[in-house]
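The residues making up each chain are set out below.
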Amino acid sequence: MESDDAGHDLGDGQAVTVHFIGAGPGAADLITVRGQRILGTAPVCLYAGSLVPRELLDACPPGARLVDTANLDLDRIVAEMVDATRAGHDVARLHSGDPSVFSAVAEQMRRLDAVGVPYEVVPGVPAFAAAAASLARELTVPEVAQTVILTRTAERATAMPPGEDLATLGASRATMVLHLAVQRIEAVVAELLPNYGPQCPVAVVARASREDEVILRGTLADIAGKVIGAGIRRTAVIVVGAALTASQFPDSHLYSAERCRS
């Protein structure tokens, strides 16, 4: 049975689903129109209270069940979604940033698949994009950097796969964005220095897009001291690479006169 809704038919004529929604990097108005629309109609909302702005919950319908997942383990989170769906309720599952990157959505979807609960994913503005906007920089600059590496470190987290250590990834000298790594900034710098060099530009953006956003700019030679001095320990991304300060580069072929004539 087809439905005009974003949900899926469970067989009783009512389309219901779990919606994994990217809430964006922090500012409440950076959620997508689609995400906000779903949030405004779902009778159950699970949200990461330590990361998702509280103002977003104002969009939830009156009487909605609001569940802060900050202190819930994976099994309890999935149980909330399964119970709500089987009761005929749509679920808005709010994640910070975009669900495609470092969101822990994959293991939730795997469990929902196992019990036959349908879901959809609504993309959001990722933290690295918000950081680039705050820095007013393009991360891919013609003939300077055309690749962006999104990665993290393994401390206090699951192990990194073989070949994804910073020394290996840094060999390309591509623009690199590190999530979940600012608390070990000194170790990060030590691992990147051999490939990027001490004068490589670095920026650290904490709480990108929020009112209390902090931006630190420097090089691999001095960024660790600046981060430690500012007391930044979490909710920050580290951006490394020549694109951060590039000023002498050719115009992109995209808008070139040669292309427009062809």
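Right above here is the structure, for reference.
Here's what I pulled together on the structure shown here. (Residues numbered from 1 in each chain as written. Predicted model: local features only at pLDDT ≥ 70, side-chain atom pairs only at ≥ 80, totals over all residues. Heavy atoms only, no water.)

### Concerning the sheet that holds strand β6 (residues 91–95)
Step number 1: In spatial order, the strands read β5-β4-β6-β3-β7; together these five strands make up an open sheet with parallel pairing. Unpaired on one side and paired on the other, β5 (65–68) and β7 (119–122) mark the two borders of the sheet. For this sheet the average axis-to-axis angle between neighbouring strands, irrespective of direction, equals 20°.
Step number 2: In the sheet, strand β3 (residues 18–22) pairs with β6 via five bridges, with the strands oriented parallel. When the sheet's bridge partners are listed, V18 is paired in β6 with V91.
Step number 3: The strands touched by helix α2 (residues 74–86) are β3, β4 (44–47), β5 and β6; relative to β6, the strand with the most contacts, the crossing angle is about 155°. (Pairing = 2+ DSSP bridges. Helix = DSSP H or I, 4+ residues; strand = E, 2+ residues; numbered from the N terminus. Axes fitted to C-alpha atoms, helices over the stretch in contact; angles between N-to-C directions. Contact = heavy atoms within 4.5 Å.)

### Thoughts on the nonpolar core
Step number 1: Counting residues in each nonpolar core, the largest one holds 26 residues, and the members touching the most others are M176, L178, L192, V204, I238 and V240.
Step number 2: Here this core takes five residues from helix α6 (residues 185–196), the largest share from any one element.
Step number 3: Apart from residues lying up to four places away in sequence, V204 is in contact with V182, V214, I215, L216, I223, V227, I232, A236, V237 and I238.
Step number 4: Ranked by size, the runner-up nonpolar core spans 17 residues in total, among them I21, I31, L39 and L94. (Core = buried A, V, L, I, M, F, W, Y, C linked by side-chain atoms within 4.5 Å. Buried < 20%, exposed > 50% of the residue type's maximum accessible area, 1.4 Å probe, protein only.)

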